[in-house]
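If you want the building blocks of each chain, they are given just below.
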Amino acid sequence: MKPVFVREAQARLGYAAPYLVPLMVVIKVAAPMVILWRFSVPLSDLAYAGVLYHLGLAAIAHIGAGKLKDSVPALVGIVLLLTSFATQNAVREGVSPYALTHMSANARD
């Protein structure tokens, strides 16, 4: 990772807090491990939510700074994350209570 580059990019976006970089590193490493290893359904759902929140804030920060082109990776990440969440229940034993198929089945009952 390039900590100087990340700190400079955050400063350009108006975030001068140096404590954000280590927190972002932990989230970016831990969340995919939790999602891929499927420790538990609630923990996996929490990881999905955390990554969605992180990518959403990144996209909003770039758009707010007037750098629309720089928000594209975060927006692509959101699309991939939502696709992953939508297809995750086909391969794991426990069904997420937030999955669209689960919600629509409950709505019919």
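Here is what the cut-offs are and how they apply
- Residues numbered from 1 in each chain as written.
- Predicted model: local features only at pLDDT ≥ 70, side-chain atom pairs only at ≥ 80, totals over all residues.
- Heavy atoms only, no water.
- Helix = DSSP H or I, 4+ residues; strand = E, 2+ residues; numbered from the N terminus.
- Buried < 20%, exposed > 50% of the residue type's maximum accessible area, 1.4 Å probe, protein only.
- Phe/Tyr/Trp six-rings, centres within 6.5 Å; stacked < 30°, edge-to-face > 60°.
- Axes fitted to C-alpha atoms, helices over the stretch in contact; angles between N-to-C directions.
- Parallel < 35°, antiparallel > 145°, perpendicular 65-115°, else oblique.
- Left-handed = near helix turned anticlockwise from the far one by under 90°.
- Contact = heavy atoms within 4.5 Å.
- Expected span 1.5 Å × (residues − 1).
- Polar contact = N/O pair within 3.5 Å; in protein donor to acceptor, adjacent residues only side chain to side chain.

1. Brief notes about the overall build of the protein
Here's step 1: Of the regular secondary structure elements, the protein holds five helices and zero strands.
Here's step 2: In the protein, which comprises 109 residues, the proportion classed as buried is 28%.

2. So, the packing of aromatic side chains
Here's step 1: Tallied over the entire structure, the rule returns one aromatic pair.
Here's step 2: On the numbers, 5.2 Å between centres and 75° between planes, the contact of Tyr 48 with Phe 85 is edge-to-face. One end of the pair, Tyr 48, is in helix α3 (residues 41–64); the other, Phe 85, is in helix α4 (residues 72–87), and 37 residues separate them in sequence.

3. Side note on the packing of α3 against α4
Here's step 1: Two elements in contact, α3 and α4, have axes whose closest approach is 9 Å; the angle formed by their N-to-C orientations is 160°. The orientation of α3 with respect to α4, classified from their angle, is roughly antiparallel. Considering the relative orientation of α3 and α4, their crossing is left-handed. Contacts from Asp 45, Tyr 48, Val 51, Leu 52, Leu 55, Gly 56, Ala 58 and Ala 59 of α3 reach α4 at Ala 74, Leu 75, Gly 77, Ile 78, Leu 81, Leu 82, Ser 84 and Phe 85.

4. Some details on α3
Here's step 1: For α3, spanning 24 residues, the distance from its first C-alpha to its last is 34 Å, which sits close to the expected 34 Å at 1.5 Å a residue.
Here's step 2: All buried positions along α3 are accounted for by Val 41, Ser 44, Asp 45, Ala 47, Tyr 48, Val 51, His 54, Leu 55, Gly 56, Ala 59, Ala 61 and His 62.
Here's step 3: Where α3 is buried, its residues touch α2 (20–37) and α4.

5. A look at the side chain of Ser 71
Here's step 1: Relative to the helices and strands, Ser 71 resides in the loop between α3 and α4.
Here's step 2: In terms of polar contacts, Ser 71 uses its side chain to reach the backbone carbonyl oxygen of Leu 68, at 2.6 Å.
Here's step 3: The residues touching Ser 71, leaving out its near neighbours within four places in the chain, are Ala 59, His 62 and Ile 63.

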